[in-house]
Amino acid sequence: MDAALARTWRFVGGRATNTFGRAIINTVVLWDLWELTRDKWVLASVGVMQVLPVLLLFSRAGWLADQLDRRKLASSAGFAMGMVGVGLAIASALHAPVAAYLALLFVQGCVVAVHAPATASLLPNIAPREVLPRANRMQASLSELALIGGPTLAGLALLGFEPWCVFALTGLTGTVSAFLYYSVGHVPRISAPGADDRKGSGHGPDKIDWRVGLRFIFRSRLLLPALTLDMFAVLFAGVTALLPVVADEILHVGSFGYGILRASMPIGAVTMAVIGGRIPAWKRPGRVLLIVVALYGVITIGIGVSTWLPLTALCLVVSGALDNISVVIRLTLEQNVVHDAIRGRVAAVHNVFIGMSNELGAAESGAAAALLGTAPAIIVGGAVAIVVVGAVAILWPELARMPPLAELQPPDNV
């Protein structure tokens, strides 16, 4: 058990370091492009370039995670993320056109498309089933700390350094992340009877059917509504892409204030992760999920209304706490109901939901702000999230009745 926990800590450290580097990239690229263009449509295009690869590559990425060594795959993706940061540093130093930034962000999306299913399917192979909730809290806590440190460091660094200097730091984070993933050592797979779905018809005996992940999610009366909540609610209620505009045009607080705003949500998430480790497991986690996403929409409306930095930051702290509850429930749910043999492909489809709720959400936010104005777009997005929660509760009543996460088991077949 001690050895498994040590390996889990190394894995979680690698993922947190990767998240730290990616947070720096996402923070600086939005600010750099906003300063360069003052164009909200350019901010929208950032989200588009990051989500397109997720949509295009999810089937192949999931197949790779179930076919290849997940540890090596995660390590390679971690290093590649650092190289994207170096590329953005060069683009920024040379005052490259916006198209060069977008091309590098497309590459980043390709890396994320591989990294997400590889790491999501690797953790259950490392951490014993009984410690998965704890491992997910560890992962959420360190990742959120990285999301605090990344934007805060970026915001402070932008006060005294050019953006290219800050981008260059991610070359180091990528290298460290790759090393930590690789140091986990050999990770054996967990066999599951009935989960091996090899197809031989016309494709050779070792061809894996990538569609099994999609079928599994759409047949699940628990996982599908949980992912639907994340995709549609956060798609409309996410405000991260608009924080440069909020900081500049509404709050008038500059790059340092922008760094504070970017760090506020992770602060709330870390706080909730610490609290979550000290309270009993949820007896009705599905009901909790519905409530926290509805509250997330309410808090988003508060962000749209606020014109005062402390109030906006407080709303972001609360939304980060709510998001942490949602993430832990959703990840543990998936890990407990999915067979190991198809985890990579299920995680790849999951990443499409996440990519669409985050990166595509950034595109939606930028477009809505350009059409409606920044504050109205945020308020409308929060209201839509509340409506989505009501629709999910009606369409999938099983979610509210879901038993404790520890009692969930994979189905007999896929």
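Up top you'll find the structure we're talking about.
Given the structure is predicted, the values throughout are model-derived calculations rather than measurements. (Residues numbered from 1 in each chain as written. Predicted model: local features only at pLDDT ≥ 70, side-chain atom pairs only at ≥ 80, totals over all residues. Heavy atoms only, no water.)

## Notes on the overall build of the chain
- When you go through the chain residue by residue, the secondary structure sums to 16 helices and two strands.
- Taken over C-alpha atoms, the radius of gyration comes to 20 Å for the chain, in line with the 22 Å a tight globule of 414 residues would show.
- Taking the principal axes of the C-alpha coordinates as reference, the chain spans close to 60 × 45 × 45 Å.
- Buried residues in the chain amount to 58% of all 414 residues.
- In the chain, the proportion of contacts linking residues at least 24 apart, taken out of those at least 6 apart, comes to 88%. (Helix = DSSP H or I, 4+ residues; strand = E, 2+ residues; numbered from the N terminus. Rg over C-alpha atoms; globule rule 2.2 N^0.38 Å. Buried < 20%, exposed > 50% of the residue type's maximum accessible area, 1.4 Å probe, protein only. Contact = heavy atoms within 4.5 Å.)

## Structural notes on the nonpolar core
- Core analysis: the largest hydrophobic core is formed by 91 residues, its most contacted members being Ile217, Leu223, Leu229 and Leu333.
- Non-local contacts of isoleucine 217, meaning those with residues more than four positions away in its chain, are made with Leu223, Leu224, Leu227, Val346, Val349, His350 and Phe353.
- With 16 residues, the next largest nonpolar core counts Ala74, Leu123, Ala127 and Ala135 among its residues. (Core = buried A, V, L, I, M, F, W, Y, C linked by side-chain atoms within 4.5 Å.)

## Topic: the packing of helix α10 (residues 243-250) against helix α11 (residues 254-276)
- Where α10 meets α11, the axes come as close as 9 Å, and the angle between the chain directions of the two elements is 135°. Regarding the angle of α10 to α11, the classification is oblique. Crossing geometry of α10 relative to α11 is assigned as right-handed. Residue-level contacts link Leu243, Pro244, Val246 and Ala247 of α10 to Gly254, Tyr258, Leu261 and Arg262 of α11. (Axes fitted to C-alpha atoms, helices over the stretch in contact; angles between N-to-C directions. Parallel < 35°, antiparallel > 145°, perpendicular 65-115°, else oblique. Left-handed = near helix turned anticlockwise from the far one by under 90°.)

## A closer look at empty space enclosed by the protein
- With the rule as written, the count across this model stands at five cavities of 30 Å³ or more.
- One number sums up the size of the second largest cavity: a volume of about 70 Å³.
- Leu229, Asp230, Ala233, Val234, Val292, Val293, Tyr296, Leu322, Asp323 and Ser326 together form the lining of the second largest cavity.
- Looking at the lining of the second largest cavity, the elements that each hand over two or more residues are α9 (223-237), α12 (285-305) and α13 (309-337).
- For the lining of the second largest cavity, the per-class residue count stands at seven nonpolar, one polar and two charged. (1 Å grid on protein atoms, 1.4 Å probe; cavity = no way out; pocket = protein on both sides within 12 Å on 5 of 7 lines; lining within 4 Å. Points joined across faces, edges and corners; volume = space filled by probe spheres on them. Nonpolar A, V, L, I, M, F, W, Y, C, P; charged D, E, K, R; others polar.)

## A look at the layout of surface pockets
- When its volume is computed, the largest pocket comes out at roughly 330 Å³.
- Around the largest pocket sit 17 residues that line it, and Arg137, Ala281, Trp282, Val328 and Leu405 are the ones nearest its centre.
- At the level of elements, α5 (132-160), α11 and α13 are the ones that each hand at least two residues to the lining of the largest pocket.
- For the lining of the largest pocket, the per-class residue count stands at 13 nonpolar, three polar and one charged.

## A word on the environment of glycine 320
- Note that glycine 320 resides in helix α13.
- Considered as a pair, glycine 320 and alanine 6 are 314 residues apart in the sequence and their alpha carbons are 28 Å apart.
- The contacts of glycine 320, once residues within four sequence positions are left out, are Met265, Gly268 and Ala269.

## With respect to the pattern of salt bridges
- According to the stated counting rule, one finds nine salt bridges in the structure shown.
- Arginine 38 is the salt-bridge partner of aspartate 248, the closest N and O atoms lying 2.4 Å from each other. Taken as a pair, aspartate 248 in helix α10 and arginine 38 in the loop between α1 (2-37) and α2 (40-67) lie far apart in primary sequence, 210 residues in all.
- Overall, aspartate 248 belongs to the partly exposed group, its relative accessible area being 23%.
- The shortest N-O distance in the salt bridge between arginine 70 and aspartate 66 comes to 2.8 Å. Per residue, the accessibility class of arginine 70 equals that of aspartate 66, and both read buried. (Salt bridge = Lys/Arg side-chain N within 4 Å of Asp/Glu carboxyl O.)

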